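# Structural overview for review
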Amino acid sequence: MSNPPLNGTIASLQGCVASLQNSQRLLDSSISILDSGVRDFPRMKKVLQCTRHFELISEPTLYAAQTALASEIGPEVEHLLRRVEQHLAKMERREKALISKSELQEGRLQQKPHVSRGAVGRPGSRAGNNANAERLKMLKSKKERLAHTIERLELQAGHKERQMRMTMNYGRG
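Worth saying up front: this structure is predicted, and the values here are computed from it rather than measured.

What counts and how
Residues numbered from 1 in each chain as written. Predicted model: local features only at pLDDT ≥ 70, side-chain atom pairs only at ≥ 80, totals over all residues. Heavy atoms only, no water. Helix = DSSP H or I, 4+ residues; strand = E, 2+ residues; numbered from the N terminus. Buried < 20%, exposed > 50% of the residue type's maximum accessible area, 1.4 Å probe, protein only. Contact = heavy atoms within 4.5 Å. Salt bridge = Lys/Arg side-chain N within 4 Å of Asp/Glu carboxyl O. Expected span 1.5 Å × (residues − 1). Bend = angle between axes of the 7 residues up to and from the residue. Core = buried A, V, L, I, M, F, W, Y, C linked by side-chain atoms within 4.5 Å. UniProt positions renumbered as here; feature names shortened; annotations may be inferred. Patch = residues over 30% accessible without salt bridge, like charges linked within 9 Å, V, L, I, M, F, W, Y side chains within 5 Å. Areas by Shrake-Rupley, 256 points an atom, 1.4 Å probe, with all protein chains shown as cover. Lys, Arg positive; Asp, Glu negative; His and termini not counted. Charge placed at Lys NZ, Arg CZ, Asp CG, Glu CD. pLDDT = per-residue confidence, 0-100.

Per the secondary structure count, the protein chain includes 4 helices and 0 strands. Seen in sequence order, the protein chain has helices and strands lined up from the N terminus as α-α-α-α. Counting over 173 residues, the protein chain shows a buried share of 11%. Long-range pairs, those at least 24 residues apart, make up 82% of the contacts in the protein chain with a sequence separation of at least 6.

Quick look at the structure:
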């Protein structure tokens, strides 16, 4: 009669062992799933790491930085503008001188087309007329180039002045 309780205990223990083996398999499966999920964490940490590209600052700090920049750059810009104005004035004087020289040369050519200066200036000398015409063309093209250069410099000066005004206005705002 001692067999029946022993068989019941063995059967009960076998059920416990089966349940424990089941739990172990479930635990092994869970560990392998967790291992495959966690294996990529170092890469994911780098991917998800937040990098700030811009830093927000307050308006007073921004205004102070703008003011400091304007006070630092302002004198240099004014100096450059003065140099541009001086250069423009010089170019204008040069243009006027060239225009008056050209007009003087045209007047001389019109007044004395027959003045003799060797073979070049003889009346009826084609070489002399061609040389004068060629010189006139050269002077006119030079005059046009100078006028173009002055226009370009004036545009550049205007652009620099606008930039300076914008910088100064931006620094005040």
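This brings us to the pattern of salt bridges. This model, assessed by the stated rule, comprises 3 salt bridges. Note that Arg165 is salt-bridged to Glu161, the shortest N-O span being 3.5 Å. Taken together, the residues span about one helical turn, with Arg165 and Glu161 both in helix H4 (residues 126-172) at a distance of 4 residues.

Once that is clear, we can look at helix H3 (residues 59-111). Here H3 is 53 residues long and its end C-alpha atoms lie 73 Å apart, about the 78 Å a rise of 1.5 Å per residue gives. Largest kink in H3: about 35 degrees, centred on Ile73, with the proline Pro75 one to four residues after it. Taken as a whole, H3 has its buried residues at Gln66, Ala70, Gly74, Leu81, Leu88, Met91, Ser102 and Gln105.

The biggest cluster of nonpolar side chains holds 6 residues, and these are Leu88, Met91, Leu146, Ile150, Leu153 and Ala157. By residue number, the principal contributor to this core is H4, which donates 4 residues. Apart from the residues lying within four places of it in its own chain, the contact partners of Met91 are Leu146, Thr149, Ile150 and Leu153.

What follows is about the UniProt feature "coiled-coil region" (unreviewed entry) in the protein chain. When the UniProt feature table is mapped to this numbering, "coiled-coil region" (unreviewed entry) covers residues 136-163. What you have in residues 136-163 is 100% helix and 0% strand, and the ends, taken at the C-alpha atoms, are 41 Å apart.

Taken together, Lys90, Arg93, Arg94, Lys101, Arg135, Lys142 and Arg145 make up a surface patch of like positive charges. Elements represented by at least two residues in the positive patch include exactly H3 and H4. Per-element accounting of the positive patch gives the leading share, 4 residues, to H3. Among the secondary structure elements, Lys101 is positioned in helix H3. On the accessibility criterion, Lys101 (46% relative accessible area) is partly exposed.

Any segment with low pLDDT has predicted coordinates that should not be analysed in fine detail. Scored by pLDDT, the protein chain comes out at a mean of 83, with 86% of its residues at no less than 70. Between the elements of the protein chain, mean pLDDT differs from a low of 81, seen in helix H2 (residues 41-48), to a high of 89, seen in H3.

Quick look at a nonpolar patch on the surface now. A surface patch of nonpolar side chains, about 310 Å² in accessible area, is lined by Leu34, Val38 and Phe41. Summarising the element assignment, Leu34 is placed in helix H1 (residues 3-38).

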